[in-house]
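Structure assessment
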Amino acid sequence: MGWLAALCLVLLQTGAHGFGIDGSSMNHQEITESAILQTTLGICQEAAGQQFTPPIPPYTAESVARACDASKSSKSFSQTIAYIQDQNVFIDKRYISSGRHHFHNEEFTRGKRIITSSISAVKACINKQSFQGARKTLGRLLHTLQDFYSHSNWVEMGEQAPNTQLIKPGSIGNTASKSQATCRSCNGNDCTNNILANILQDKILTSGYFGIRSRSSKPDGKCSHGGQLDRTSSIDPTGGINKDTKDSQHGHLHDIAAKMAIAATLQVLEDIRLAVGDPAFLQTMAIKKGKALCFVIDTTGSMGDDIKAVTKVTNSIINKRVGTDDEPSAYILVPFNDPGFGPLMRTQDPEAFKRAIASLTASGGGDLPELSLSGLQLALTGAPPGSDIFVFTDATAKDDHLLGTVISLIEQTKSVVNFMITGSLGFRRRRESNNTNDQQQQQQPRAMLNTSAEVYADLSQTSGGLAIQTTKSQLLAATTIVTESSSSAQVLLLQAARSPGKSANFTFTVDGTVKNLTIFITGRSVAFTLISPSGVSQSSTDLTGPLISSSQSVGNFQTLELTTQVGLWEIRLMSTNPYTLKVKGESSIDFLSDFLEVSEGPLGGFEVLENRPRAGANASLRVTVIGGGSAIVTEVFLVVSLTSERVNGSVEALGKGKFLARFDSIPSVEFVVLVKGQSNESSTRSSRAATPFQRQSSNSIRASAVTVSANDLDGVLEPGVPLSVPFSVFNNGSGGNLTIQATNDQGFALSFPSSLPLTNGSMANGMVNITAPAGTASGTDFGLTIVVNAPGGTDANYLVLRLGVLVPVTDFTEPGCQLLSLQSDCSADCSASMWELSVEVTDGVNGTGIDTIRFRGGNGTSNTSLLAGNATLVSYNASCCSPDVEIVVVDQVGNVGSCSYTARTTTPTVNPTTTTAQPTTAASAQAVQSLLLCLSITILGLSLTI
């Protein structure tokens, strides 16, 4: 097939090695998305009760976020689902030959160990609020879990529910011995009966053997996986048993296997939800009302007035936003001075955040420069991706050796960094020019280019933020303007910069969904003329005209709130000083974009690129429209930041809101992504006529002739035990010594090569060794950043790895409940009677101990107290109008026990030896999943029923 057709297919499937797609088959992405949407929707429905309004199927991230009363989370929710899906696909791309990752070669014990240990890691990460680490691990474990149903004979044995033992303690089941024959050769192309009858009758688990390079890996008599890549399928017994697609050898069972995989994924998500609680689970999925509020504050002696201003603005923001759709999802504070920085403080309690800000004191700081980049690095790794981060300082950066690391983290997290600067640091922005020397200068690491506040100006431009210079007396006003204009629903229509300043004309299209249209200008003595779609003009000499509803000016910063008009606007800027321009509004329509790279694995295809795209090569960009309904993308441009020159891409629709833009070449200097299209959406819903829209990415992007990749990104760090992280560097630029810099945000001990000698077209391998101190808490998430600089500092690329610390888990036994008494005196008038129960909860003799006890489905009151032997007594009483309750018990490592009780009986006292209320066991959980499978499951528009 052609290049574009092949790429379109790859974007819709995981490859030929797991659940794939042949036009009517389901794949790993759809299975994962369906389960996430159903689980999230269930949580929101349970919380809202009768007030809940369910969305109309097929469910989407946008409709579920809206139903959860968090419509402004649509983009972050969509981005989270996509990230989990990409991590799922990662297993096929990087671990194709690993039997344990796919349940090949009857590797049931090792495959189960991946699942159980990864579930423990996800729970530990969430409990430490390391949400991105939890998402990465979750996506990868779900691939292995889902493959069990496609690659084993679980479905062929007639099982009607997922194998609960995959995520619970104990044996996975009755597995075939290594010498036991399991298959016969297929009858030509008919493989429907190739599994031996006794294997199925005796419920003996087996899975196909897979060999991409060798046929000799399969023992005599064993089943093969099958398919074109599997060389073992051509030797006796021939054929295969996989159910990856409907065209597979056991494709007649594909639908059942896929639905079983959905139910199993729901089972895992429910287990994680019960362990961490609903609020933490929703945070993991980025379902939240507003953006995180993240402040990085200089606490040296000269910052006393600044801290007072930040305290006032913090109180104002919190008081205005609590209880609204823009209430911050988290509050993050990172102090810095010299010689220290941190620790990072994260809370969901607004009052605790107020107190933390108010408790900051300004002291010390002999010389002017401070550790601002160290503080910013900690914030970038600790805040959610896509956060708005505010840095308050009156001094330059003392730790500019971290500049490459900070830029890498900004590009990787796509967070926006705003600098609120009260010192006279003297901006001196880099020049723009078309000559070769100046283009090379723009490619240099900023540590070589910048002096004074240029570091902050360039970092803000790279991130899509603002660098505002103001006096200490004006800081409160400036901060209030910027923070109050920050919203989860805010979208960027246009941004540009000119340095040195020059006259320039800019246009932007406003569609019917845009509200609160605002222009932001930074720079000294910048004049403008604004022209509306109707041809009306207004200049900076008259701010009371018809186009500007209000304006504010503080320091080098000016905002213009416009009267929103649909159509093409123009703004003409005139200044000889450097300036930046941003046009923002609030809208439900936005987009996500990711560059793709050719996969080096045997499956071929493409995978998402997590660092800079390769310079001098063609490039492919995946664009996903968020909240646009039937919106279509018609044009995608790469726009040079300092000149507005455009590189146009060819656009192809892939379906389900996804588009592919292909570029023959990409700019060699900083650029942003500009998307244009047509939408039928409107803020008033009164008009459904198609109108043009445009959106732009906030973060700048660079291409690089240096490629950095990690050979194995699946490592976890055990406290006190060194972890080796191998990486590779390919140089497509000038030869010489490429310098290496590795950092991490937790201060863990590191060793790495300082340089690697590389000629043009050559590759070299390196190793970073990292050790977490003994006693580091399990679930601690950290970012390991590897920056590679080309000779002379003319080029750079990076690798940002999200790794986690995990103390080995030996306790996989869930806590249990023993009913001591259940008393009820329920009458016809339920409001006049009560019921109560007493339950003893324990984690067993060798357990790690009870961590949390939660109640679901009841609105009574409870009390807990410790008993002898590390047991806990739970007392509960409620009105007979609330006759049911579920007690969820979580131990210290995240194992979950669930016990359900009811007062729906006329017997006043229930003897604990005869009660029917029991903890949720594997059998009962399996029965629940069996019932789930019998229900209609809506998956991305397909109603599928067994």
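Only a predicted model underlies this, so the values are computations on that prediction, with no experimental measurement involved.

**Considering the packing of aromatic side chains**
The description of two aromatic rings rests on the distance between their centres and on the angle between their planes. A full pass over the atoms with the stated rule returns 17 aromatic pairs. Taking 5.9 Å as the distance between ring centres and 85° as the angle between the ring planes, the aromatic pair formed by Phe295 and Phe390 counts as edge-to-face. Here Phe390 lies in strand E4 (residues 388-393) and Phe295 lies in strand E1 (residues 293-298), a separation of 95 residues in the sequence. Here Phe295 and Phe390 have matching classes, each one buried. Between Trp835 and Tyr876 the ring centres are 5.7 Å apart and the planes differ by 65°, which places this aromatic pair in the edge-to-face class.

**Some thoughts on the nonpolar core**
If you look at the biggest cluster of nonpolar residues, it comprises 64 residues, and the most contacted ones within it are Phe77, Leu138, Phe148, Leu166 and Ile272. Broken down by secondary-structure element, the contributors of at least two residues to this core are helix H2 (28-48), helix H3 (61-67), helix H4 (74-94), helix H6 (108-127), helix H7 (131-151), helix H9 (254-276), helix H10 (278-284) and strand E37 (884-891). Counting residues per element, this core draws most heavily on H9, which supplies 13 residues. When residues no more than four places from it in sequence are discounted, the contact partners of Phe77 are Ile36, Leu37, Thr40, Ala61, Val64, Ala65, Met285, Ala286 and Ile287. One finds Ala292, Leu380, Tyr456 and Leu459 within the second-largest nonpolar core, a separate group that totals 32 residues.

**Focus on the side chain of Thr509**
Tracing the backbone through its elements, the reader meets Thr509 in strand E8 (residues 504-510). Once you skip the residues sitting within four places of it in the chain, Thr509 turns out to touch Leu493, Gly567, Leu568, Pro692, Phe693 and Gln694.

**Points about the pairing of strand E18 (residues 619-626)**
Most of E18 sits out of view: eight of its eight residues are buried. Of the two faces of E18, the one carrying Ala619, Leu621, Val623 and Val625 and the one carrying Ser620, Arg622, Thr624 and Ile626 are both buried. Relative to E18, strand E16 (residues 590-598) runs antiparallel, the two being bridged by seven bridges. Within the sheet, the bridge partner assigned to Leu592 lies in E18 and is Thr624. Sheet analysis places E18 next to strand E21 (residues 658-663), joined by six bridges and oriented antiparallel. Bridge assignment links Val623 to a residue of E21, and that residue is Phe659.

**Considerations on the state of the cysteines**
Two cysteines form a disulfide when their sulfur atoms are joined by a covalent bond. Enumeration over the complete set of coordinates arrives at six disulfides. Linked covalently through their sulfurs, Cys44 and Cys68 form a disulfide whose S-S length is 2.0 Å. Looking along the S-S bond of the Cys44-Cys68 disulfide, the torsion reads about 100°, which is the right-handed sense. Separated by 24 residues along the polypeptide, Cys44 in helix H2 and Cys68 in the loop between H3 and H4 bring together distant segments of the chain. Pair check on accessibility: Cys44 and Cys68 agree, each one buried. Shown here is the disulfide that connects Cys817 with Cys899, its sulfur atoms set 1.8 Å apart. Disulfide Cys817 to Cys899: torsion about the S-S bond roughly 75°, handedness right-handed. On the criterion of sequence distance, the pair formed by Cys817 in strand E32 (residues 816-824) and Cys899 in strand E38 (residues 896-902) is long-range, its members being 82 residues apart.

**A look at the sheet that holds strand E17 (residues 606-608)**
Read across the sheet, eight strands follow the order E17-E16-E18-E21-E20-E19-E22-E23 without closing on themselves; strand pairing throughout is antiparallel. Of all the strands in the sheet, just E17 and strand E23 (691-696) have a single pairing partner and so form its edges. Averaged over all adjacent pairs, the angle separating strand axes in this sheet is 30°, with direction ignored. The pairing of E16 with E17 spans three bridges and is antiparallel. Residue pairing for E17: Leu596 is matched across the bridge by Val608. Across the sheet, H4 lies against E16, E17 and E18, angled at about 15° from E16, the strand it touches most.

**Description of the sheet that holds strand E5 (residues 416-421)**
Taken in spatial order, the six strands of this open sheet run E3-E2-E1-E4-E5-E6, and their pairing is mixed. At either end of the open sheet lies a strand with only one pairing partner, and these are strand E3 (345-347) and strand E6 (467-469). Sheet twist, expressed as the average angle between the axes of neighbouring strands with direction ignored, equals 15°. Pairing of E5 with E6 involves three bridges; the strand directions are parallel. Looking at E6, one finds that Ile421 is bridged to Gln469. Where helix H13 (residues 372-382) meets the sheet, it contacts E1, strand E2 (331-336), E3, E4 and E5, and its direction lies at approximately 160° from that of E2. Against the sheet, helix H18 (residues 475-484) engages E1, E4, E5 and E6, with an angle of about 165° to E5.

**Quick word on unusual backbone geometry**
The amide bond that connects Pro57 to the next residue, Pro58, takes the cis arrangement and shows omega of 0°. The residue after Asp236, namely Pro237, is reached through a cis peptide bond having omega -5°. Relative to the helices and strands, Pro237 resides in the loop between helix H8 (197-201) and H9. Of note in the backbone geometry, Asp69 takes a positive phi value of approximately 60° without being a glycine.

**Some thoughts on the environment of Arg215**
Tracing the backbone through its elements, the reader meets Arg215 in the loop between H8 and H9. It is 7.3 Å that separates the C-alpha atoms of Arg215 and Ile235, two residues lying 20 residues apart in sequence. Ignoring anything within four residues of it in the chain, the contact list for Arg215 reads Arg231, Thr232, Ser234 and Ile235.

**Topic: the pattern of salt bridges**
Counted according to the given criterion, the structure contains 31 salt bridges. A salt bridge links Asp590 to Lys75, with the shortest nitrogen-to-oxygen separation between them at 2.9 Å. You can see Asp590 sitting in strand E16 and its partner Lys75 sitting in helix H4, a full 515 residues away along the chain. Between Asp306 and Lys472 there is a salt bridge whose closest N-O contact spans 2.4 Å. Note that Asp306 is positioned in helix H11 (residues 304-321) and Lys472 in the loop between E6 and H18, a separation of 166 residues in sequence.

Calculation rules
- Numbering of residues begins from 1 in every chain and follows the order in which that chain's sequence is written.
- Where totals are concerned, whole chains, interfaces and linings use all residues; where local detail is concerned, this predicted model gives features only for residues with pLDDT of at least 70, and gives and counts side-chain atom pairs only at 80 or more.
- Derived side-chain values reflect all non-hydrogen atoms in the structure, with water molecules and hydrogen atoms excluded from consideration.
- Each aromatic pair joins two rings of Phe, Tyr and Trp (for Trp, the six-membered one) with centres within 6.5 Å, and gets the label stacked for planes under 30 degrees apart, edge-to-face for over 60, and tilted for any other angle.
- Every helix listed is a DSSP run of H or I at least four residues long, and every strand listed is a run of E at least two residues long, numbered separately from the N terminus.
- Accessible area is worked out with a 1.4 Å probe on protein chains only. A residue is then buried under 20% of its type maximum, exposed over 50%, and partly exposed in between.
- Here, the term nonpolar core denotes a set of buried Ala, Val, Leu, Ile, Met, Phe, Trp, Tyr and Cys residues that are joined through side-chain atoms within 4.5 Å.
- By definition in these notes, contact holds between two residues if any of their heavy atoms fall within 4.5 Å.
- Any two strands are treated as partners once DSSP identifies two or more bridges connecting them.
- In this description, the term disulfide denotes a pair of cysteine sulfurs within 2.5 Å.
- Here an axis means a line fitted to C-alpha atoms, over the contact stretch when the element is a helix, while the angle between two N-to-C directions is reported on a 0 to 180 degree scale.
- By salt bridge we mean one thing: a side-chain nitrogen of Lys or Arg within 4 Å of a carboxyl oxygen of Asp or Glu.

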